[in-house]
Amino acid sequence: MPDVFVNYRTGDEESAATMIARELTRRFGDERIFFASNSIEPGRRFPVELVRAVEECEALLVVIGPRWAEVRGADGRPALEAEQDWTRREIRTALDLGALVIPVLVGKATRIDRAVLPDDLLELADCQYRRFDHRNAESDLTALGDTLARLLPELGAVDRDARAVRSEAKSARDTGHTRMRTRDTEQRVRGGIGTLNGDLAGTFVNEPQGPVNTGRGHQYNAPHFEGDNTGTQFTAGDNSGTVHQRFERRRRHADDGR
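A quick note: this is a predicted structure, and the numbers were derived from the prediction, not measured. (Residues numbered from 1 in each chain as written. Predicted model: local features only at pLDDT ≥ 70, side-chain atom pairs only at ≥ 80, totals over all residues. Heavy atoms only, no water.)

## Describing the overall build of the chain
For clarity, the cut-off: A run of DSSP states H or I qualifies as a helix once it reaches four residues; a run of E qualifies as a strand once it reaches two. Both are numbered from the N-terminal end. Think of it in three bands: residues with accessible area under 20% of the maximum for their type are buried, residues over 50% are exposed, and the middle band is partly exposed, with areas taken using a 1.4 Å probe on protein chains only. Should any heavy atoms of two residues lie within 4.5 Å, those residues are considered in contact.
Assigned secondary structure in the chain consists of seven helices and nine strands. Here the chain holds 258 residues, and 31% of them are scored as buried. Partitioning the intrachain contacts of the chain with sequence separation of at least 6 by distance along the chain shows that 62% fall at a separation of at least 24.

Now the structure itself:
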């Protein structure tokens, strides 16, 4: 069931109607937008399909260009005057059913002239409209899509642009959290002693000046002694225990045989 029916008149701003239908289809999905030239399958009876689509839609966009009321039918009279004119019938059906009807004024069409409307379409002149200009096509299409997404919750729920914005916002938040964690870790490292998370366990010391204890076991790193090394020095082992190595320097004297 389509949510939006794009109504237009052949011979008046068909290109604008096509652009509008294409953009709304991209944003909300082709099953949500009815555009006669694309939505009616070959072999289908278009009168039946048109009436059914209008009766089921939530909103009808009436694309109105400068020649909308001037296009003439086969009899030479303005097409709008014929009761069986499809553009007129679609609008009348939507108004009678209480659907949301939004005129879209294209280009030089500055208003809807009540004087040219048949009696059953006079209400159209009272409907708040949107504008579409080929020179501002991108922004005007975005504004129209935003309006429909706001007024029709079912469209808002499937709005691809809204999902993209939410995804970008979430990515930005995740990136911000990662940067905060990274800065916090860097600050703790610069500050001296801290605890690392993840696969590392134990304690780290930044730029140690004295003994360093890391890992799960005991490690003794004594300072380097200069001189005759007659004392005792403790050095690190495999971090699972303590290794003590004693180095004694003995003087050799040639005269005592040692």
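## Notes on the packing of aromatic side chains
Put simply, the test is: Note on aromatic pairs: the rings of Phe, Tyr and Trp (six-membered ring only in Trp) are paired at centre separations within 6.5 Å, and the planes decide the class, stacked below 30 degrees, edge-to-face beyond 60, tilted for the rest. Only lysine NZ and arginine CZ atoms are considered, and such an atom sits over a ring when it is within 6 Å of the ring centre and within 35 degrees of the ring normal.
Counting across every chain of the model gives three aromatic pairs. Aromatic side chains Phe 5 and Phe 34 sit 4.8 Å apart centroid to centroid with 20 degrees between the ring planes, which places their arrangement in the stacked category. Remark: Phe 34 occurs in strand E2 (residues 33–34) and Phe 5 occurs in strand E1 (residues 4–7); sequence separation between them is 29 residues. You can call Phe 34 buried: its relative accessible area is 6%. Geometry around Trp 68 places Arg 9 over its ring, the cationic atom sitting 6.0 Å from the centre. The residue whose ring lies beneath Arg 89 is Trp 86, and the NZ or CZ to ring-centre distance is 3.9 Å.

## Brief notes about the pattern of salt bridges
Two side chains bearing opposite charge may form a pair once their charged atoms approach each other closely. Definition in use: When a carboxyl oxygen of Asp or Glu is within 4 Å of a side-chain nitrogen of Lys or Arg, the pair counts as a salt bridge.
A complete count under the given rule lists 16 salt bridges for this structure. For the salt bridge of Arg 88 with Asp 120, the shortest nitrogen-to-oxygen distance reads 3.3 Å. With a gap of 32 residues between them, Arg 88 in helix H4 (residues 86–97) and Asp 120 in the loop between strand E4 (100–106) and strand E5 (130–132) connect regions that are remote in the sequence. For Asp 120, a relative accessible area of 27% puts it in the partly exposed group. Residues Asp 126 and Arg 114 are paired through a salt bridge, measuring 2.9 Å at the closest nitrogen-oxygen approach. A residue pair is termed long-range when its members are at least 10 positions apart, and Asp 126 in the loop between E4 and E5 and Arg 114 in the loop between E4 and E5 qualify at twelve residues.

## Some remarks on the packing of helix H1 (residues 14–28) against helix H5 (residues 137–151)
Selection rule: Axis definition: a line fitted to C-alpha atoms, over the contacting stretch in the case of helices. Angles run 0 to 180 degrees between N-to-C directions. An angle below 35 degrees is treated as roughly parallel, one above 145 as roughly antiparallel, one from 65 to 115 as roughly perpendicular, and anything else as oblique. We call a crossing left-handed when the near helix sits turned anticlockwise from the far one by less than a right angle, and right-handed when that turn is clockwise. Amino acids are sorted into nonpolar (Ala, Val, Leu, Ile, Met, Phe, Trp, Tyr, Cys and Pro), charged (Asp, Glu, Lys and Arg) and polar (every other residue, Gly among them).
Taken N-terminus to C-terminus, the directions of H1 and H5 make an angle of 55 degrees; their axes are 10 Å apart at the nearest point. One element, H1, and the other, H5, form an angle in the oblique class. Viewed along their axes, H1 and H5 form a crossing whose handedness is right-handed. Seen from H1, the contacting residues are Met 19, Ile 20, Glu 23, Leu 24, Arg 27 and Phe 28; seen from H5, they are Ala 137, Leu 141, Thr 142, Leu 144, Gly 145, Asp 146, Leu 148 and Ala 149. Across the contact of H1 with H5, the residue classes break down as nine nonpolar, two polar and three charged.

## Digging into unusual backbone geometry
The backbone phi angle of Glu 13 is positive, close to 55 degrees, even though this residue is not glycine. With respect to the helices and strands, Glu 13 occurs in the loop between E1 and H1.

## Remarks on the pairing of E4
Selection rule: When DSSP finds two or more bridges between a pair of strands, those strands are recorded as paired. Classification remark: right-handed applies to a crossover when, strands pointing away from the viewer, the course from the first strand over the helix to the second runs clockwise.
In terms of burial, E4 is a largely internal element, six of the seven residues being buried. As judged from the six bridges shared by strand E3 (residues 59–64) and E4, these two strands associate in the parallel manner. Residue pairing across strands places Val 62 opposite Pro 103, the latter belonging to E4. As a crossover connection, the stretch from E3 through H4 into E4 is right-handed. Note that E4 and E5 share three bridges and pair parallel. Counterpart to Val 104 in the pairing with E5 is Arg 130.

## Some words on the nonpolar core
Note the following rule: Note on terminology: a nonpolar core comprises buried Ala, Val, Leu, Ile, Met, Phe, Trp, Tyr and Cys residues joined through side-chain atoms within 4.5 Å.
Core analysis: the largest hydrophobic core is formed by 25 residues, its most contacted members being Val 4, Ile 20, Leu 24, Leu 61 and Leu 148. Counting residues per element, the ones that place at least two in this core are E1, H1, E3, E4 and H5. With six residues, H1 is the single largest residue contributor to this core. Apart from the residues within four sequence positions on either side, Leu 24 is in contact with Val 4, Gly 29, Ile 33, Leu 61, Gly 145 and Leu 148. One finds Val 62, Ile 64, Ile 112 and Cys 127 within the second-largest nonpolar core, a separate group that totals 24 residues.

## Observations concerning the sheet that holds E4
Here we have five strands laid out as an open sheet, ordered E2-E1-E3-E4-E5, and parallel in their pairing. Strands with a single pairing partner mark the edges of an open sheet, and in this sheet they are E2 and E5. Note: E1 against E3, four bridges, orientation parallel. The residue bridging Val 4 from the neighbouring strand is Ala 59, located in E3.

## Looking at the pairing of E3
For E3, the buried fraction is high: six of the six residues fall into the buried class. Residue alternation in E3 divides its side chains into two sets, Ala 59, Leu 61 and Val 63 and Leu 60, Val 62 and Ile 64, and both sets are buried.

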